Amino acid sequence: MNEVMNNSYHDKVVIRLIQFSIIWALLAMTAGVYISAELIWPDMDFGQFWLSYGRLRPLHTNGIIFGFGVSALMATGFYSVQRTSHVPLFLPKLAWFCCYAWQLIVLLGGLSLLAGWTTSKEYAELEWPFDIAIAVTWVCFGVVFFGTIANRKIKPIYISNWFYGALIIVIAMLHIVNSLAIPVTFGKSYSIYAGAQDAVVQWWYGHNAVGFLLTGGFLGMMYYFLPKHSGRPIWSYRLSVVAFWTFTYSYIWAGPHHLHYSAVPDWVLSLAMVMSVILLAPSWATMINGVMTVSSASEKLKTDPALKFIVLSLAFYGLATFEGPMMSFPSVNVVSHFTDWTVGHVHSGALGWNAMITYGTFYFMVPRLVGTELYSVRLANIHFWMALAGTMLYIMSMWGAGVSQGLLWLSVDEIGELSFSFTDIMSSMTPYYGLRLMAGMIFLGGTALMAYNLYMTVLGKQAVTVQVPKVDPAFGVNS
Amino acid sequence: MSAISLHKKIEENTGLLIFGILFVSAIGGLVQILPVLNQDSLKTATENTRVYSAVELTGRDIYIREGCSVCHTQQVRPLIAEVERYGPYSRAGEFVYDRPFLWGSKRTGPDLQRLGGKFSDDWHRIHLIDPRAVVTESIMPAYPWLARRDASQAGNITAKLRALQTLGHPYSEKDIAAAATQLEGLKEIDALIAYLQMLGTGLDEDISI
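Residues numbered from 1 in each chain as written. Chains lettered and ligands numbered in written order. Predicted model: local features only at pLDDT ≥ 70, side-chain atom pairs only at ≥ 80, totals over all residues. Heavy atoms only, no water.

Asks: Whenever I open this one, the overall build of chain B confuses me. Can you help?
Replies: The helix and strand inventory of chain B stands at eight helices and zero strands. Across chain B, helices and strands are ordered from the amino to the carboxyl terminus as α-α-α-α-α-α-α-α. A compact globule built from 209 residues should have a C-alpha radius of gyration of about 17 Å, whereas chain B, at 22 Å, is more than 25% larger. Each of the 209 residues in chain B was classed as buried or not, and the buried ones make up 53%. Put simply, 74% of the contacts in chain B that link residues at least 6 apart link residues at least 24 apart. Taking the 22 positively charged and 25 negatively charged side chains of chain B as two groups, their mean positions are separated by 5 Å. (Helix = DSSP H or I, 4+ residues; strand = E, 2+ residues; numbered from the N terminus. Rg over C-alpha atoms; globule rule 2.2 N^0.38 Å. Buried < 20%, exposed > 50% of the residue type's maximum accessible area, 1.4 Å probe, protein only. Contact = heavy atoms within 4.5 Å. Lys, Arg positive; Asp, Glu negative; His and termini not counted. Charge placed at Lys NZ, Arg CZ, Asp CG, Glu CD.)

The structure is reproduced here in structure tokens:
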């Protein structure tokens, strides 16, 4: 009945989400660069409470994860679920609501962090009014997404949608359980969990926010855009299925490895370590699957910046998912815990994997969404090398800083006296922090280049209307 | 039914897919997290651990507001160097009144769990207003506004104690009634120092490791 009206994809909401995602990337990365400078020049807050490191750092992490990351996931999720289902978005108005409600949460939530409203639980800092708003918006995201899948014209549900589905379901579960609190005032609440139990719940959340948002969600991106862009089918679809279920099952156990040598029971920590090591299998299975998929399209890899970004992101994905299980061993963790090594590890994932695959998909999607060519392939290539250089410099400077902190803190002489004072170790970090500041500026500069490049690409253009193609009867729901 | 044909069913059914993801991802939490929430030893206070006073609680919430836990851990690991540097390692029973926990994940500055009593109130006051006046190499931000703002304006202390009472913290009606008057005349910095001075005092005095 609605066939005539509803036969094209809803892509305008995708374009809007990409715009917001890039704006948040620029703002949140600028905040990151600023706080890395504050670690060298501590008076850079100029006596202003809202420029203080303790308030800007959560703004940086939340801005990246929820502003840049989630906006990109919504954009790519909406784009790919329509195309893999051969049907327009379910309830497109609700999709627009998700888009704007989410931006409002990020904007007001960011301001509330500057005002000092915080639960202090990492990546869950936003206070209870925002927690409720996030839950409602997230459910709407799920309704649009799963509604579209339920309406699909293609019989099997494509693998990328499983990862987006796991993102939506598991993050909802984690968010609701971890955010349970008794409100005191509008900007203050007390967690219903206390002490060691709060720690276990928080890192069950914190680790799996990384797992299902920054890993699972972005794997959904990879499974759609990599085969699409390289023009090759997934190397082994069966491997992707096996990897999906192992990933979903085993990731959730690994959280307490953030609490090694703490007052949490040993069995919890050992279990988390074992599951972290097991997690290496699905992570690398996915990486290998991606690399093998693109291996027969190596000609395109030489010329296409979007594909280069996606393939490089897989390399960093492999690096970070190897480093993570290694850091979950108590004997490694004893050195790495609490140091800048952890910060470096997070950034090899966040810069090398999340940001790069997002850049790759943006370079792929944006010209197609407005029916034109990329404004400048040359600028995109420069961006690629800046992103790679920035990420490498970041990781290496933080390895240097982290390993020296870890070893110097633990160092005792032959009679068991401490070899170095904390202050001496801390003040020896300045060169590493300087390198890290440069790395951040290079990476931010690359992102700004991309913003300019994509802005020039869409300037004066209209979104093209993409008709839903005819369904091959071999795969159709009614075949 | 073979595994492949079973999977074909899940692969073609939205409801089964949603249920499958929820089920598979929930197992870990159920087996690993639920027992921890029911473990009594994690909820039992050590002998000297007590609830925070109105002033200390206000100080703790200022510590949270300013993001001190972004750079300072409150978790001494059971390692020779850490016990040497900071004091006895952390016990679960010391944290039973901590909502949220403030163990932290990054030690840019030193651990603070055993800070209480190590420095004078005056040292803390100078250090918070101008860290580099007492520790030349410090990269800690200065917090001059803490000395200007009234502690009584830092949140509704009566409502806070009520909320914690609901969660089972043993505050008496008398404690709650007296809370607001205890903050009178104090600046935020005084409340924060009161909190810093009681950090880590929940252990028996004869414990040295």
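Asks: What should I look at first to understand the side chain of Ser 160 of chain A in this one?
Replies: Residues and elements named next belong to chain A. Within the secondary structure, Ser 160 is located in helix α5 (residues 159-179). Looking at Ser 160, the relative accessible area reads 0%, which means it is buried. Not counting chain neighbours up to four residues away, the residues in contact with Ser 160 comprise Thr 84, Gly 220, Tyr 223 and Tyr 224.

Asks: Teacher, can you tell me more about a negative patch on the surface here?
Replies: On the surface, Asp 413, Glu 414 and Glu 417 of chain A together with Glu 84 of chain B cluster together into a patch of negative charge. Assignment of secondary structure puts Glu 84 of chain B in helix α4 (residues 80-86). (Patch = residues over 30% accessible without salt bridge, like charges linked within 9 Å, V, L, I, M, F, W, Y side chains within 5 Å. Areas by Shrake-Rupley, 256 points an atom, 1.4 Å probe, with all protein chains shown as cover. Salt bridge = Lys/Arg side-chain N within 4 Å of Asp/Glu carboxyl O.)

Asks: Would you take a moment to explain the environment of Gln 467 of chain A for this structure?
Replies: All names here are of chain A. Secondary-structure assignment places Gln 467 in the segment after α16 (430-458). Take Gln 467: its relative accessible area is 46%, and that puts it in the partly exposed class. Expressed as a C-alpha distance, the spacing of Gln 467 and His 86, which sit 381 residues apart in the sequence, is 9.5 Å. For Gln 467, the side chain forms a polar contact with the side chain of Asn 7, separated by 3.2 Å. (Polar contact = N/O pair within 3.5 Å; in protein donor to acceptor, adjacent residues only side chain to side chain.)

Asks: How should I be thinking about the environment of Asp 11 of chain A in this particular structure?
Replies: Residues and elements named next belong to chain A. Within the secondary structure, Asp 11 sits in the segment before α1 (12-38). Since its relative accessible area comes to 4%, Asp 11 is described here as buried. Taking the C-alpha atoms as reference, Asp 11 lies 9.9 Å from Pro 92; in sequence the two are 81 residues apart. Sequence-distant contacts of Asp 11, that is, excluding residues within four places in its chain, are made with Tyr 79, Gln 82, Arg 83, Leu 369 and Val 466. A polar side-chain atom of Asp 11 sits 2.7 Å from a polar atom in the side chain of Arg 83.

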